[in-house]
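# Inside the fold
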Amino acid sequence: MSLINESYARLDEMIRTGKLKAEYKSILLSIAELGDKACANGLIHGLGWGEDANHIVIDEYEILDKNGNFLYLTLSETRDYLQNLIADSG
């Protein structure tokens, strides 16, 4: 199974179990792809989604930038930030 198929399957399972809102799926897949590219190019050190006390994904993403600073953004802000970061680096 490819990494993309594994990501789809994982998110589908999270939706099924109530850990993820269905409307977050496509933006999370986009962020994952952009985040992988940004990490591979040394633009960030890592990133991950936020969860509430019940481990349900919320509209928050955390990015560790290349200077070691944490950024806390909404999902749409995260996607836009990564798109711009990648575009500005190339």
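Use the structure listed above.
Read on for an overview of the structure. Fair warning: this is a prediction, and the values are worked out from it, not measured in the lab.

The end-to-end C-alpha distance of helix α2 (residues 25-40) is 23 Å, a good match for the 22 Å that 16 residues give at a rise of 1.5 Å each. Inspection of α2 places K25, I27, L28, L29, I31, L34, G35 and A38 among the buried residues, and these make up the whole buried set. Directly beyond the C-terminal end of α2, a positive phi value near 70 degrees is found at G42.

With that out of the way, let us pick up the pattern of salt bridges. Inspection of the entire model under this criterion finds 3 salt bridges. The salt bridge partner of D80 is R79, with a shortest N-O separation of 3.6 Å.

Right, let's talk about helix α3 (residues 75-89) for a bit. In this model, α3 (15 residues) spans 21 Å end to end at C-alpha, consistent with the 21 Å of a helix rising 1.5 Å per residue. Of all the residues in α3, the buried ones are L75, T78, L82 and I86. When α3 is viewed along its axis, its buried side chains cluster within an angular range of 60 degrees and face the same direction. Residues of α3 that are exposed and angled more than 90 degrees away from the buried face: A87 and D88. Tucked inside the fold, the buried residues of α3 contact α2, β1 (44-51), β2 (57-65) and β3 (70-73).

The rules behind the values
Residues numbered from 1 in each chain as written. Predicted model: local features only at pLDDT ≥ 70, side-chain atom pairs only at ≥ 80, totals over all residues. Heavy atoms only, no water. Helix = DSSP H or I, 4+ residues; strand = E, 2+ residues; numbered from the N terminus. Expected span 1.5 Å × (residues − 1). Buried < 20%, exposed > 50% of the residue type's maximum accessible area, 1.4 Å probe, protein only. Salt bridge = Lys/Arg side-chain N within 4 Å of Asp/Glu carboxyl O. Arc of directions from axis to C-beta. Contact = heavy atoms within 4.5 Å.

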